[in-house]
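A look at the structure
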Amino acid sequence: MCQHVESTEINCLLCKNVRLLICLCSPFRCRSLPAQRKIYMRSPPIPEMATQEVQLNETLAHLKTESETLKSKLEEERAKLHDVELHQVAEKVEGLGQFVMKTRRTLKGHGNKVLCMDWCKDKRRIVSSSQDGKVIVWDAFTTNKEHAVTMPCTWVMACAYAPSGCAVACGGLDNKCSVYPLSLDKNENLAAKKKSVAMHTNYLSACSFTNSDMQILTSSGDGTCALWDVESGQLLQSFHGHAADVLCLDLAPSETGNTFVSGGCDKKANVWDMRSGQCIQSFETHESDINSVRYYPSGDAFASGSDDATCRLYDLRADREVAIYSKESIIFGVSSVDFSLSGRLLFGGYNDYTINVWDVLKGTRVSILFGHENRVSTLRVSPDGTAFCTGSWDHTLRIWA
Amino acid sequence: MTIRNAIRDHGQRYRPRMACLKKAEKVLLEMQDPKTGVKSQPQRLVITTIPHAISGEDIIAWLADRFQIDSQEARNLGSMLVALGYIYPLQDHKRLVIKPDASLYRFQTPYFWPTQQWPVEDTDYAIYLAKRNIRKKGILELHEQEQYNRLHKWMNHKWDFIVMQAKEQYRAAKERKKPDRVVFDCQERAYWVVHRPPPGTVSAMDYGLERRIDPNADEVTGESLHMIFTQQSIMRPRVKSSVSIGALVKYCATYNSHDPFLSKCLPSNPWLTDDVTYWTLNMPNVEIPTKMRVERWTFSFRELLSDPRGRDDFRLFLKKEFSGENLAFWEGCEDLKWGTAATMREKAEHIYKTFLARGAPRWINIDGKTMEITVKGLKHPHRYVLEAAQTHIYMLMKKDSFGRYMKSPVFKDTLKKAIAPEEHKFTDAQLEQNAKNRRPSLSPIILRQQELEQKAKMAASAPVDITQVMSKLSKQGKEVAPRPPSKN
């Protein structure tokens with residue numbers, strides 16, 4: 001739920017009529033737009049297109065300089081309200097003690113690089129996918145494998161557990177996201193009941209169920225994100241704005257929230273409104289591809305991990321980057337990040353086979369964990385925060401607590 | 001049927017995106033500084049002496065000192081530098097790790113550093129293998145032999161060129177002085193170990209899938225779109241940093257005692273003690289919640305609603321106040337938003353008839369303007385058609401009902417009955433026993449079936465008699481009896 005709930009009258013940018021708005025955070029468009037037409041549109045309507053036509057005919061250089069001026073004006077505006085740094089406020093906060101985090105379970109069974117994993121809401125089951133096309137559902141507590149599916153493609157880079165715990169979604173080089181309902185019958189071939197939901201024009205990089213089993217949000221190498229209806233496979237909303245591959249996404253945690261954040265190879269992290277398909281905020285401070293984004297538990301901020309070996313925290317209400325988590329000795333990229341339950345700790349899986357644990361408020365590194373023998377490709381904290389799981393290119397998954 | 005988007009890789013492993021390389025190079029330059037870098041020593045071979053060899057333990061010590069890290073981390077960093085090919089081992093040359101002893105290493109010459117600019121060509125590898133073959137037949141290892149044969153097949157058309165180049169290089173090498181030749185051979189061999197690793201080894205050059213966009217190319221498209229977006233962003237309302245950062249810090253403080261990584265999990269963290277009491281006590285629809293769980297409900301209205309047990313408690317309270325329709329309406333809206341597209345229209349109509357129409361059985365109280373927008377939107381229903389009304393009702397519940405709920409007898413009663421389990425104190429023997437007794441849990445599939453059966457039963461009996469509903473709600477969740485919390 002966004003904080004700016006007010007009623008006001010403002011001009012709609014499209015039809016110029018005066019319309020009532022509930023939330024100032026949404027783009028200034030009137031609510032009477034019929035939803036149906038949004039489904040098949042490839043790009044959002046640009047109201048000022050007519051006046052921009054003259055500019056489009058000018059040289060690229062001119063456009064670039066104008067763009068730069070606007071960007072610096074944006075930074076100026078952002079800086080006006082920046083009256084304190086995170087680490088200053090954090091000085092009053094108590095420091096963290098020593099941590100003893102060890103591997104509590106090692107899940108062996110994949111024959112190739114583990115690329116992605118997700119927790120079930122029951123806090124002990126997980127689904128993982130690997131380069132050889134295998135998707136396995138484990139009870140991480142007992143380390144038993146409960147279900148296994150072989151995808152018809154390799155490099156299954158995305159997998160997600162449905163909120164009900166009764167299905168999993170996965171996809172990768174097949175450009176699709178498919179949903180497999182799980183069955184108690186061990187002999188049943190899960191591939192028989194598979195539903196092909198999402199269709200992109202390039203590889204699928206991430207997928208996530210929304211608050212129910214009926215909708216899936218996906219991001220793809222084709223530069224777009226999309227929201228799909230699982231039952232019919234219908235495209236409900238598409239999100240355009242990234243200039244390059246979109247590598248990751250995360251849904252806002254709030255109960256009535258309708259936003260999600262995505263990160264891409266264009267070094268941008270974009271926050272999207274699921275209702276209108278518009279990008280509402282954008283942050284471009286990373287120096288390389290953003291591999292992972294994750295919301296802060298309150299939904300008012302998010303963290304990102306990038307190939308430039310840093311993790312960064314962005315505050316959505318202040319509309320700026322508020323912290324950088326980096327160290328001179330860390331030169332390898334971050335593949336995945338997640339917060340602990342209170343948001344005080346940020347866990348990062350790195351390409352140098354380690355996991356670094358950061359104090360989110362003070363900006364310092366609390367711990368470094370060794371154990372994997374190859375790149376850590378995915379990291380998620382369990383739903384109740386009791387442990388976190390990492391998947392690695394060394395074919396194993398580890399549970400840490 | 002596999003759809004491959006990656007450019008077919010015949011062994012060319014060109015990587016335009018290894019941002020770590022620039023950083024690694026900086027470190028390397030510092031390490032090679034004659035005054036402040038790693039101290040080097042000459043290596044004595046049978047006849048010759050090779051200068052500038054460094055030992056593993058010196059590298060680790062230097063890294064630990066320079067970056068103020070402990071030796072395990074320094075060793076990991078050192079191993080990564082070796083794996084990238086900036087430093088190579090003189091003994092055991094195929095294992096690209098740093099050994100924390102007197103094993104010798106040398107800095108790789110910049111000519112052989114991994115680069116982002118141009119790919120490592122198969123042609124060069126073929127020349128290298130051919131050269132070694134010329135020098136001494138049968139010296140190639142198995143995997144190198146296989147590669148050689150494969151390249152011979154793929155590059156048959158230029159094989160003469162390759163052999164000629166190999167002979168030239170071999171001849172030129174013979175003319176060098178022995179120490180230089182030894183050094184160069186080592187360097188070249190190390191380079192190829194990095195870029196054409198033996199099968200089954202972990203390679204730092206292993207990049208994964210190529211990404212579609214080339215980061216070195218210029219961004220051409222979408223400038224005008226970006227500008228409009230930037231203009232809108234400038235006008236965006238913002239909050240002062242002190243306010244929003246203050247909220248982040250406050251959130252951490254509020255949830256600190258609930259974070260299993262920062263405070264003790266009561267009775268114990270299942271992953272640490274192999275005892276699942278913590279999960280059993282916190283099942284979604286347990287009858288008696290724990291004190292910690294009830295405390296979380298007080299943090300925010302959102303917390304209360306997102307916990308099924310909390311929501312049930314709140315529903316009970318609202319029924320007593322005869323304002324249950326607000327929550328029911330809100331739940332209906334959520335169901336509409338996140339449900340299947342097929343049933344959306346019917347759901348919207350059903351909600352309208354039940355909550356919004358004049359004379360509806362569970363009419364909700366929203367202001368005139370919102371009602372107007374909603375009714376108008378329902379003519380062309382989409383999944384967000386009830387957004388305005390839902391927000392209004394949510395804020396109503398949050399600002400009014402939530403506060404009263406926390407002061408109500410329902411809540412106080414729940415709080416009083418809530419369990420505060422004692423911390424487990426297992427001996428080592430008990431922990432071992434627990435580890436042996438790990439049991440699987442009920443599959444979510446079964447739990448869901450049970451839930452659906454329950455819901456069907458609830459829907460079958462008409463929810464008109466309040467007392468009937470309340471007794472049903474209090475019986476719910478009795479199936480899963482919590483295990484006794486103390487274990488001795």
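Every chain begins its residue count from 1, and numbering advances along the sequence as written. Each chain gets a letter, beginning with A, and each ligand a number, beginning with 1, in the order they are written. Only residues with pLDDT of at least 70 are given local features in this predicted model, and only at 80 or more are side-chain atom pairs given and counted; all residues enter the totals for whole chains, interfaces and linings. With hydrogens and water set aside, each side-chain value is computed from the structure's full complement of heavy atoms.

Moving on, we get to the overall build of chain A. Helix and strand definitions follow DSSP, with helices as H or I runs of at least four residues and strands as E runs of at least two, each counted in order from the N terminus. Secondary structure assignment for chain A yields 4 helices and 30 strands. The buried label applies to any residue whose accessible area, calculated with a 1.4 Å probe on protein chains only, is under 20% of its type's maximum; exposed applies above 50%, and partly exposed to all values in between. Scored against the burial criterion, the 401 residues of chain A give a buried share of 65%. We call two residues in contact when some of their heavy atoms are within 4.5 Å. Nonlocal contacts in chain A, meaning residues at least 24 apart in sequence, comprise 44% of its contacts between residues at least 6 apart. When the accessible area of chain A is evaluated, it comes to approximately 14,000 Å², of which 50% is carbon and sulfur surface. Only the protein chains shown count as cover for residues, and the accessible areas themselves come from Shrake-Rupley with a 1.4 Å probe.

Of regular secondary structure, chain B possesses 22 helices and 4 strands. Here chain B holds 488 residues, and 45% of them are scored as buried. Taking all contacts inside chain B whose residues are at least 6 apart in sequence as the whole, residues at least 24 apart take part in 64%. Summed over its atoms, the accessible surface of chain B is roughly 26,600 Å², and 55% of this surface lies on carbon and sulfur atoms.

All names here are of chain A. Each pair of aromatic rings taken from Phe, Tyr and Trp, with Trp reduced to its six-membered ring, is defined by centres within 6.5 Å and is described as stacked if the planes are under 30 degrees apart, edge-to-face if over 60, and tilted in the remaining cases. Evaluated as defined, the whole model comprises 38 aromatic pairs over all chains. Here the aromatic rings of Phe239 and Trp272 are separated by 5.7 Å at their centres, their planes lie at 65°, and the arrangement is edge-to-face. Here Phe239, found in strand E15 (residues 235-240), pairs with Trp272, found in strand E18 (residues 269-273); they are 33 residues apart in sequence, far enough to count as distant. Judged by relative accessible area, which is 1%, Phe239 ranks as buried.

Strand E28 (residues 376-381) of chain A sits mainly inside the fold: 5 of its 6 residues count as buried. For two strands to be treated as a pair, DSSP must find no fewer than two bridges joining them. Taking the residues between adjacent antiparallel strands as the criterion, E28(A) and strand E29 (residues 388-392) of chain A are bridged by 6 residues, where Gly385(A) takes a positive phi near 75°.

To continue, consider the sheet that holds strand E25 (residues 345-350) of chain A. Residues and elements named next belong to chain A. Strand order in the open sheet made by the 4 strands is E24-E25-E26-E27, with antiparallel pairing throughout. If you trace the sheet from one side to the other, it starts and ends with strand E24 (334-339) and strand E27 (365-369), each paired once. With direction set aside, neighbouring strand axes in the sheet form an average angle of 20°. Of the pairings in the sheet, the one linking E24 to E25 comprises 5 bridges and is antiparallel in character. Counted as the bridge partner of Val334 is Tyr350 from E25. Each axis is a line fitted through C-alpha atoms, taken for helices only over the stretch in contact, and angles between the N-to-C directions span 0 to 180 degrees.

So, on to the pattern of salt bridges. A pair is scored as a salt bridge if a Lys or Arg side-chain nitrogen falls within 4 Å of a carboxyl oxygen belonging to Asp or Glu. Within the structure shown, the criterion is met by 49 salt bridges over all chains. Its salt-bridge partner being Asp139(A), residue Arg124(A) comes within 2.8 Å of it at the nearest N-O pair. Here Arg124(A), found in the loop between strand E4 (114-119) and strand E5 (125-130), pairs with Asp139(A), found in strand E6 (residues 134-139); they are 15 residues apart in sequence, far enough to count as distant. Overall, the relative accessible area of 0% leaves Asp139(A) in the buried class. One salt bridge connects Asp312(B) with Arg315(B), and the closest N-O pair in it is separated by 2.8 Å. Taken together, the residues Asp312(B) and Arg315(B), both in helix H14 (residues 308-321) and 3 residues apart, mark about one turn of the helix.

Next up on the list: the interface of chain B and chain A. Many structure descriptions define interface size as the accessible area lost when the parts assemble. On the side of chain A, 151 residues touch chain B, which itself brings 111 residues to the contact. Buried area counts how much accessible surface, traced with a 1.4 Å probe, disappears from two parts once they are put together, with both parts' losses summed. Between chain B and chain A lies a buried interface of about 11,600 Å² when both sides are counted; carbon and sulfur atoms form 63% of it. Here chain B is connected to chain A by 9 salt bridges. Between Arg238(B) and Asp319(A) there is a salt bridge, with the nearest N and O atoms lying 2.9 Å from each other. Throughout this description, a polar contact denotes any pair of N or O atoms lying within 3.5 Å of each other; where both atoms belong to protein, one of them has to be capable of donating a hydrogen while the other can accept it, and for residues adjacent in sequence the pair is counted only when both atoms sit in side chains. Viewed at the interface, chain A and chain B are joined by 37 residue pairs in polar contact (both at pLDDT 80 or more). The residue classification treats Ala, Val, Leu, Ile, Met, Phe, Trp, Tyr, Cys and Pro as nonpolar and Asp, Glu, Lys and Arg as charged. All others, Gly included, are polar. Classifying every residue of the side of chain B that touches chain A gives 56 nonpolar, 27 polar and 28 charged.

Each pair of packed helices can be summarised by the angle the axes make with each other and by the distance between the axes. Residues and elements named next belong to chain B. Across the interface, helix H15 (residues 324-338) lies against helix H16 (residues 344-356) with an axial gap of 10 Å and an inter-helix angle of 170°. One way to sum up the angle between H15 and H16 is to call them roughly antiparallel. Crossing of H15 against H16: the hand is left-handed. Only Met344, Lys347, Ala348, Ile351, Phe355 and Leu356 of H16 make contact with H15, whose side of the interface consists of Glu325, Ala328, Phe329, Gly332, Cys333, Asp335 and Leu336. Along the lines of polarity and charge, the residues of the contact of H15 with H16 split into 9 nonpolar, 1 polar and 3 charged. Relative orientations are named as follows: roughly parallel for angles under 35 degrees, roughly antiparallel for angles over 145 degrees, roughly perpendicular for angles from 65 to 115 degrees, and oblique for any other angle. Definitions for this section: a left-handed crossing has its near helix turned counterclockwise from the far helix by less than a right angle. A right-handed crossing has that turn clockwise.

To continue, consider unusual backbone geometry. Cis geometry is adopted by the peptide bond preceding Pro267(B), which originates at Leu266(B) and carries an omega value of -5°. Within the secondary structure, Pro267(B) sits in the loop between helix H9 (241-255) and helix H10 (270-273). The phi dihedral of Thr143(A) is positive, around 65°, even though this residue is not glycine. Take Thr143(A): it is sitting in the loop between E6 and strand E7 (144-150). Located in the positive-phi region is Asp92(B), a residue other than glycine, with phi close to 55°. Here Asp92(B) shows up in the loop between strand E3 (87-89) and strand E4 (104-107). A residue is classified by how much of its surface remains accessible, and Asp92(B), at 38% relative accessible area, is partly exposed.

To define a nonpolar core, start from buried Ala, Val, Leu, Ile, Met, Phe, Trp, Tyr and Cys residues and group those joined through side-chain atoms within 4.5 Å. Met31(B), Ile59(B), Leu63(B), Leu81(B), Leu84(B) and Ile87(B) are the most contacted members of the largest nonpolar core, which totals 36 residues. A total of 7 residues in this core trace back to one element, the largest contributor, which is helix H3 (residues 71-84) of chain B. Leave out the neighbours within four places in its chain, and Leu81(B) touches Ile331(A), Ala24(B), Val27(B), Leu28(B), Met31(B), Tyr86(B) and Ile87(B). Core analysis: the next-biggest nonpolar cluster, separate from the first, contains 35 residues, Val294(B), Phe301(B), Val385(B) and Val410(B) among them.

Residue and element names in this part refer to chain A. Extensive coverage of strand E12 (residues 204-209) is indicated by the burial of 6 of its 6 residues. Strand direction decides the pairing type here: E12 and strand E13 (residues 215-220), joined by 5 bridges, are antiparallel. By the bridge assignment, Ser208 is partnered in E13 with Leu217. The hairpin formed by E12 and E13 contains 5 residues between the paired strands.

Right, let's talk about the UniProt feature "repeat: WD" (unreviewed entry) in chain A for a bit. Residues and elements named next belong to chain A. UniProt positions are given in the numbering used here, feature names are shortened, and annotations may be inferred rather than shown by experiment. UniProt feature "repeat: WD" (unreviewed entry): in the numbering of this structure it lies at residues 107-148, 197-238, 239-282, 283-324, 334-368 and 369-401. Taken end to end, residues 197-238 is 0% helix and 60% strand, and its first and last C-alpha atoms sit 14 Å apart. Taken end to end, residues 283-324 is 0% helix and 55% strand, and its first and last C-alpha atoms sit 13 Å apart.

The UniProt feature table records "domain: RGS" (unreviewed entry) at residues 300-415 of chain B. The span residues 300-415 of chain B carries 73% helix and 0% strand; its end-to-end C-alpha distance comes to 16 Å.

Residues and elements named next belong to chain B. You can read pLDDT as the predictor saying how much it trusts each residue, on a scale of 0 to 100. In this model, chain B carries an average pLDDT of 85, and 87% of its residues clear a pLDDT of 70 or more. Low confidence marks residues 1-14, where pLDDT is under 50. Its contacts with residues over four positions away, or in another chain, come to 28 contacts. Here residues 477-488 is modelled with pLDDT under 50, and outside its nearest four sequence neighbours on either side it reaches 18 contacts, counting other chains as well. Reported confidences for the modelled complex are a pTM of 0.87 and an ipTM of 0.87.

The next thing to look at is the sheet that holds strand E3 (residues 103-108) of chain A. Residue and element names in this part refer to chain A. Pairing within the open sheet is antiparallel, and its 4 strands lie in the order E3-E30-E29-E28. Because the sheet does not close on itself, it has two edges, and the strands there are E3 and E28. Strand-to-strand, the axes of this sheet are offset by a mean angle of 20°, without reference to chain direction. Sheet topology note: the E29/strand E30 (residues 396-400) ladder contains 4 bridges and is antiparallel. Along E30, the bridge assignment pairs Gly391 with Leu397.

Once that is clear, we can look at the environment of Phe339(A). Among the secondary structure elements, Phe339(A) is positioned in strand E24. Residues Phe339(A) and Val381(A), 42 residues apart in the sequence, show an inter-C-alpha distance of 7.0 Å.

With that settled, the discussion passes to the domain arrangement of chain B. For the purposes of this description, domain bounds are those given by an automatic or database domain assignment. When cut into domains, chain B gives domain 1 (9-119), domain 2 (120-180) and domain 3 (289-417). On a C-alpha basis, the centroid separation for the pair domain 1 of chain B and domain 3 of chain B is 62 Å.

As a further point, take the confidence of the model for chain A. Residues and elements named next belong to chain A. Confidence along chain A averages 86 in pLDDT terms, with 85% of residues attaining 70 or more. Every residue in residues 1-14 scores below 50 in pLDDT, and together they form 49 contacts with partners more than four places removed in sequence or on other chains. Low confidence marks residues 18-45, where pLDDT is under 50. Its contacts with residues over four positions away, or in another chain, come to 69 contacts.

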